[in-house]
There are 2 protein chains.
Amino acid sequence: MSKRDFYIGIDIGGTNTMLGLVSNEGEILKNHSFSTFANQPINIFLSNLEKIILPIINEMNQVRGIGVGMPGVNSKTGLINNSVNFSWGNIDLCSELKNKFQLPVSIINDAKAAALGEMAFGKARDLKNFIMITLGTGLGSCFVFNRQVINGFNGMASELGHTKIARENRRCECGKLGCLETFASAGGVCRSVFEIICSDKKKTPLMNYSFNELTAEIVTKYAVKGDETALKAYEKTGTVLGAKLADFINVFNPEAVLFSGGLVAAGKYLFEPLEKALDENLLITHKSKTQIRISDPNVNYAVLGAAALLMNQQEM
Amino acid sequence: MSKRDFYIGIDIGGTNTMLGLVSNEGEILKNHSFSTFANQPINIFLSNLEKIILPIINEMNQVRGIGVGMPGVNSKTGLINNSVNFSWGNIDLCSELKNKFQLPVSIINDAKAAALGEMAFGKARDLKNFIMITLGTGLGSCFVFNRQVINGFNGMASELGHTKIARENRRCECGKLGCLETFASAGGVCRSVFEIICSDKKKTPLMNYSFNELTAEIVTKYAVKGDETALKAYEKTGTVLGAKLADFINVFNPEAVLFSGGLVAAGKYLFEPLEKALDENLLITHKSKTQIRISDPNVNYAVLGAAALLMNQQEM
């Protein structure tokens, strides 16, 4: 049996951060989750992170490094430049963590971490060309061509969340109007609920929630019960996302699109309108050729992929 | 001095077909151009092609093969399945030409041929990651990642011309509504002219042309003279194309977008509104990072790229 090494994988989301102790065989031994507090100064995040990581490092002397996935990371420089949904400004998180924990640290875009994790251990093990979509606080994406991640000339490829929905005027956290992410994300679903309440004014228990209280989980709960407003909010989400994805399937002709993130729990309420929109918008030669795959919701592949970053580095 | 071999490169467009005798050093020795008659049965095209090719083959006994670029070719199978703008149905043009001329034949998408030609001999010699856009009868595209053409899972990648412009209702030759190609192509510019005449009814000499008479060259001629309708038609073209390209720059983060085809003769009338639309739609981290390059209008790089297909095969 080969020697077991361990890595810490961290998936920093706009709402929660997930952390795992990962073996070089892709097993997650310890799981932690805490609020990111993305709108607070980064020191609060770093201090919460330290409280979890230090005991792990002290307990296990085979921890070989820390891999991080986070939105808005430049894949070439490892720097974070004003990541949308975070008020952390321009930071070199990689150097911060190296200094703090005295371990090798690698950092990449969270959707790229998810794609690497899915390729190594999940639903993309058999895929050569696919699009990874993470639906959480924001919309993350990663395009994989011949099992290589497309990083782009400046390391800033894959900003699918900030492509535009024409003539839609929702303000995005990035400062622009009408970004896909303002529709196809947890917050986007909630915005759609309030828009539909305003336009249709159909009686729904969702009228009892404030904008700050409402979450996508709550909307899903009412969709399951058949609430028309909740169903219509998911229909809007799926339709907008499907129409935009059709553009990218027309151009990249991938074998599959693989979805992960909290929002996929909405299941058919999201994916039925999404597949209908794909069908309506794809060029005839592309219809029904691309598989829709859903990640295993019980495993955080971004944590695995972030940890795998360092395993690969040591193997090479 | 190395031995000189010759190849025939053919660029089949929706309106005209260009043909060149190309040396293995990338020199075009003979140029021919003829009407494709894309809406007539393919036999008319094949018979016109034969009249040009046979004398060349008989005269030069070093012709080593024929390379073809054509819209709608499947890059994996080499088959043509109902190419948009052509009424040739499902054909195996590669086998047809092999049998007719008893020479090796390779066939790829026309925009891919242009991208290969530009990489070998033109404005993409220094580029690793770029998007090639051909603006002619249709809109062709080719995405290049690490100098590899993205062909897609089924060989049908790069159908940028058939991505959708939301809420725009122009019928496309592919059968769908609102395709980018119905705006950003020679025919798209002419459609915009008639729409603008209808909406603005501003006096313009363009009112003297029938739909069948009007060409993009004529529109350009009046744009140069300052005709407001002509200028507005190019503004519409550039704006729609720039907004859609922004989506793909956000995701692909290329070093450059390289344009070729008849429509680029419109110059600033097309590219100024295009660059403005890019600026308005790109995520802030992508603004002004991607170069806009224009192909040399005096060289047909699709002819060179099609010919180069066979040079590379023999080298490998």
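Predicted model, so just to flag it, every value in this text is computed and none were measured.

Across its full length, chain A carries 8 helices and 12 strands. Radius of gyration (C-alpha) of chain A: 20 Å, near the 20 Å computed for a compact globule of 316 residues. If you line up chain A on its principal axes, its C-alpha atoms span 60 × 45 × 35 Å. Taking all 316 residues of chain A together, the buried fraction comes to 59%. Intrachain contacts of chain A at a sequence separation of at least 6 include 61% that bridge at least 24 residues. Total accessible area computed for chain A in this model is approximately 13100 Å², and 50% of it derives from carbon and sulfur atoms.

Turning our attention to the packing of aromatic side chains. Throughout the structure, instances matching the rule amount to 20 aromatic pairs over all chains. Measuring from ring centre to ring centre gives 5.7 Å for Phe252 of chain A and Phe143 of chain B, while their planes differ by 55°; the resulting arrangement is tilted. Of the two residues, Phe252 of chain A is situated in helix 6 (residues 228-252) and Phe143 of chain B in strand 9 (residues 139-145); the pairing between them involves two chains. A relative accessible area of 0% means that Phe143 of chain B is categorised as buried. A ring pair is formed by Phe259 of chain A and Phe271 of chain A, whose centres lie 5.0 Å apart and whose planes are at 70°; its orientation type is edge-to-face. Separated by 12 residues along the polypeptide, Phe259 of chain A in strand 11 (residues 256-260) and Phe271 of chain A in helix 7 (residues 268-281) bring together distant segments of the chain. Note on Phe259 of chain A: relative accessible area 0%, which makes it buried. Among the aromatic residues, ring-to-ring pairing joins Phe143, Phe248 and Phe252 of chain A together with Phe143, Phe248 and Phe252 of chain B into one connected group.

A few words on the packing of helix 5 (residues 216-224) of chain B against helix 6 (residues 228-252) of chain B. Residues and elements named next belong to chain B. Remark: helix 5 packs on helix 6, axes separated minimally by 7 Å, with the N-to-C direction vectors making an angle of 115°. For the crossing formed where helix 5 meets helix 6, the hand is left-handed. Where helix 5 abuts helix 6, its residues Ala216, Val219, Thr220, Tyr222 and Ala223 lie against Ala230, Leu231, Ala233 and Tyr234. A breakdown of the residues in the contact of helix 5 with helix 6 according to their chemical character gives 8 nonpolar, 1 polar and no charged.

Residue and element names in this part refer to chain B. Within helix 2 (residues 93-101), the full set of buried residues consists of Leu93, Cys94, Leu97 and Phe101. Along the axis of helix 2, the buried positions cluster into a sector of 105°, meaning they face one direction only. In the core, the buried residues of helix 2 are packed alongside strand 1 (6-12), helix 1 (42-59), strand 4 (63-69), strand 5 (80-81), strand 6 (90-91) and strand 7 (105-108). A positive phi of about 55° marks Gln102, the residue just after helix 2.

On to the relation of the copies chain A and chain B, then. Note on the chain copies: they are related by a rotation about an axis and a translation along it. Rotating chain A by 180° about the axis while translating it 0.0 Å along that axis superimposes it on chain B, leaving an RMSD of 0.0 Å. Within this description, the copies of the chain are treated as partners about a two-fold rotation axis. Across chain A, the rotation axis passes nearest the C-alpha of Ala166 of chain A, at a separation of 3.1 Å.

So, about the interface of chain A and chain B. Facing the 42 residues of chain A at the interface are 42 residues of chain B. Note on chain A versus chain B: buried area summed over both sides is about 3600 Å², and carbon and sulfur give 58% of it. When the area that chain A buries against chain B is broken down by residue, the three leading residues are Phe145, Phe153 and Val251 of chain A, summing to 17%. Counting the contacts that link chain A with chain B gives 2 salt bridges.

The next thing to look at is the side chain of Asp227 of chain A. Residues and elements named next belong to chain A. Inspection of the secondary structure assignment puts Asp227 in the loop between helix 5 (216-224) and helix 6. For the buried residue Asp227, which engages in no salt bridge, the nearest side chain bearing the opposite charge is Lys225, 9.3 Å off. Within the local environment of Asp227, its side chain forms a polar contact with the side chain of Thr204, the two groups lying 2.9 Å apart. With sequence-adjacent residues up to four places away left out, Asp227 is seen in contact with Thr204, Pro205, Leu206 and Tyr222.

Here the focus is the sheet that holds strand 10 (residues 148-149) of chain B. Residues and elements named next belong to chain B. Judged by pairing direction, the sheet is mixed, and its 5 strands sit side by side in the order 10-9-8-11-12 without closing on themselves. Here the strands that pair on one side only, and so sit at the sheet edges, are strand 10 and strand 12 (291-294). Across 6 bridges, strand 8 (residues 130-135) lies against strand 9 in antiparallel orientation. Across the sheet, the residue bridging to Phe130 is Val144, located in strand 9. Against the sheet, helix 3 (residues 110-121) makes contact with strand 8, strand 9, strand 10 and strand 11 (256-260), and its axis sits at roughly 125° relative to strand 8, the strand it touches most.

With that settled, consider the pairing of strand 11 of chain A. All names here are of chain A. For strand 11, a buried count of 5 out of 5 residues is recorded, marking the element as mostly surrounded by other parts of the structure. As paired elements, strand 8 (residues 130-135) and strand 11 share 5 bridges and run parallel to each other. Pairing of Ile133 across the sheet is with Phe259, part of strand 11. As paired strands, strand 11 and strand 12 (residues 291-294) are joined by 4 bridges and run parallel to one another. Looking at the pairing, Ala256 lines up with Gln291 of strand 12. Between the parallel pair strand 11 and strand 12, the chain is carried across by helix 7, and the sense of this crossover is right-handed.

Residue and element names in this part refer to chain A. One open sheet holds the 5 strands; their spatial order is 3-2-1-4-7, and the pairing between them is mixed. Single-partner strands in this sheet number two, and they are strand 3 (28-35) and strand 7 (105-108). Put simply, the sheet's adjacent strands are angled 15° from each other on average, direction ignored. Of the pairings in the sheet, the one linking strand 4 (residues 63-69) to strand 7 comprises 4 bridges and is parallel in character.

The next subject is the confidence of the model for chain A. On average, residues of chain A carry a pLDDT of 93, and 98% of them reach 70 or more. Among the prediction metrics, the complex's ipTM stands at 0.86, with pTM recorded as 0.90.

The subject of this paragraph is helix 3 of chain B. Residue and element names in this part refer to chain B. For helix 3, which comprises 12 residues, the first-to-last C-alpha distance of 16 Å matches the rise-based estimate of 16 Å (1.5 Å per residue) to within 8%. Most of helix 3 is tucked away, with 9 of its 12 residues classed as buried. Residues of helix 3 that are buried: Asp110, Ala111, Lys112, Ala113, Ala114, Ala115, Gly117, Glu118 and Met119. Its side-chain oxygen at 2.8 Å from the backbone nitrogen of Ala111, Asn109 defines the N-terminal cap of helix 3.

Reading the values: rules and limits
Residues numbered from 1 in each chain as written. Chains lettered and ligands numbered in written order. Predicted model: local features only at pLDDT ≥ 70, side-chain atom pairs only at ≥ 80, totals over all residues. Heavy atoms only, no water. Helix = DSSP H or I, 4+ residues; strand = E, 2+ residues; numbered from the N terminus. Rg over C-alpha atoms; globule rule 2.2 N^0.38 Å. Buried < 20%, exposed > 50% of the residue type's maximum accessible area, 1.4 Å probe, protein only. Contact = heavy atoms within 4.5 Å. Areas by Shrake-Rupley, 256 points an atom, 1.4 Å probe, with all protein chains shown as cover. Phe/Tyr/Trp six-rings, centres within 6.5 Å; stacked < 30°, edge-to-face > 60°. Axes fitted to C-alpha atoms, helices over the stretch in contact; angles between N-to-C directions. Left-handed = near helix turned anticlockwise from the far one by under 90°. Nonpolar A, V, L, I, M, F, W, Y, C, P; charged D, E, K, R; others polar. Arc of directions from axis to C-beta. Least-squares fit on C-alpha atoms with pLDDT ≥ 70 in both. Buried area = accessible area lost by both parts, 1.4 Å probe. Salt bridge = Lys/Arg side-chain N within 4 Å of Asp/Glu carboxyl O. Lys, Arg positive; Asp, Glu negative; His and termini not counted. Polar contact = N/O pair within 3.5 Å; in protein donor to acceptor, adjacent residues only side chain to side chain. Pairing = 2+ DSSP bridges. Right-handed = clockwise from strand over helix to strand, strands pointing away. pLDDT = per-residue confidence, 0-100. Expected span 1.5 Å × (residues − 1).

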